[in-house]
Amino acid sequence: MDRKERVFELLEELTSVEEISAFDELAGDLGIDSLGMITLLVSIEDTFQIELEESDMDPMALQTVDDIVQLLGKYLGEEK
């Protein structure tokens, strides 16, 4: 399973939304609030065994599912 699929799986578990696309907005389309965002970021750190820098956890910079996938690219390399 590639990182994009794994991000989709984490989001499905968190939101109970079954059909997720890279263009979905985290707050608007998936209903992720500030607590949900923290939960998502912690899940990403645990799942991918990384430690996100505080500067990368800006909810204003993480608006879409693709933003999360791109953030992971920074930590895991650019392969998708």
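Caption draft 1: Looking closely at the environment of glutamate 13. Its place among the elements puts glutamate 13 in helix 1 (residues 3-15). Each C-alpha atom of the pair glutamate 13 and alanine 27 lies 15 Å from the other, and the pair is 14 residues apart in sequence.

Caption draft 2: Structural view of the packing of helix 1 against helix 2 (residues 34-48). Closest axis-to-axis distance for the helix 1/helix 2 pair is 11 Å, and the angle between their directions is 140 degrees. The orientation of helix 1 with respect to helix 2, classified from their angle, is oblique. As helix 1 runs across helix 2, the sense of the crossing is right-handed. Residues Arg3, Arg6, Val7, Leu10, Leu11 and Leu14 of helix 1 form the contact with helix 2, whose own contacting residues are Gly36, Thr39, Leu40, Ser43, Ile44, Thr47 and Phe48.

Caption draft 3: Seen up close, the nonpolar core. The biggest cluster of nonpolar side chains holds 22 residues, and the ones touching the most others in it are Val7, Leu11, Leu26, Ile44 and Val65. Taken together, the elements giving at least two residues each to this core come down to helix 1, helix 2 and helix 3 (65-76). When near neighbours in sequence (up to four residues on either side) are disregarded, leucine 26 contacts Leu11, Gly31, Ile32, Met37, Leu62, Gln63, Thr64, Val65 and Ile68.

Caption draft 4: How the structure looks around the environment of threonine 47. Within the secondary structure, threonine 47 sits in helix 2. Among the residues examined, threonine 47 registers a relative accessible area of 31% and is labelled partly exposed. A C-alpha to C-alpha distance of 20 Å links threonine 47 and proline 59, two positions 12 residues apart in sequence. Excluding its chain neighbours within four sequence positions, the residues that come into contact with threonine 47 are Arg6 and Leu10. Among the polar contacts made by the side chain of threonine 47, one reaches the main-chain carbonyl oxygen of serine 43 at a distance of 2.8 Å.

Cut-offs used in this document
Residues numbered from 1 in each chain as written. Predicted model: local features only at pLDDT ≥ 70, side-chain atom pairs only at ≥ 80, totals over all residues. Heavy atoms only, no water. Helix = DSSP H or I, 4+ residues; strand = E, 2+ residues; numbered from the N terminus. Axes fitted to C-alpha atoms, helices over the stretch in contact; angles between N-to-C directions. Parallel < 35°, antiparallel > 145°, perpendicular 65-115°, else oblique. Left-handed = near helix turned anticlockwise from the far one by under 90°. Contact = heavy atoms within 4.5 Å. Core = buried A, V, L, I, M, F, W, Y, C linked by side-chain atoms within 4.5 Å. Buried < 20%, exposed > 50% of the residue type's maximum accessible area, 1.4 Å probe, protein only. Polar contact = N/O pair within 3.5 Å; in protein donor to acceptor, adjacent residues only side chain to side chain.

Just distances and angles here, no functional claims.
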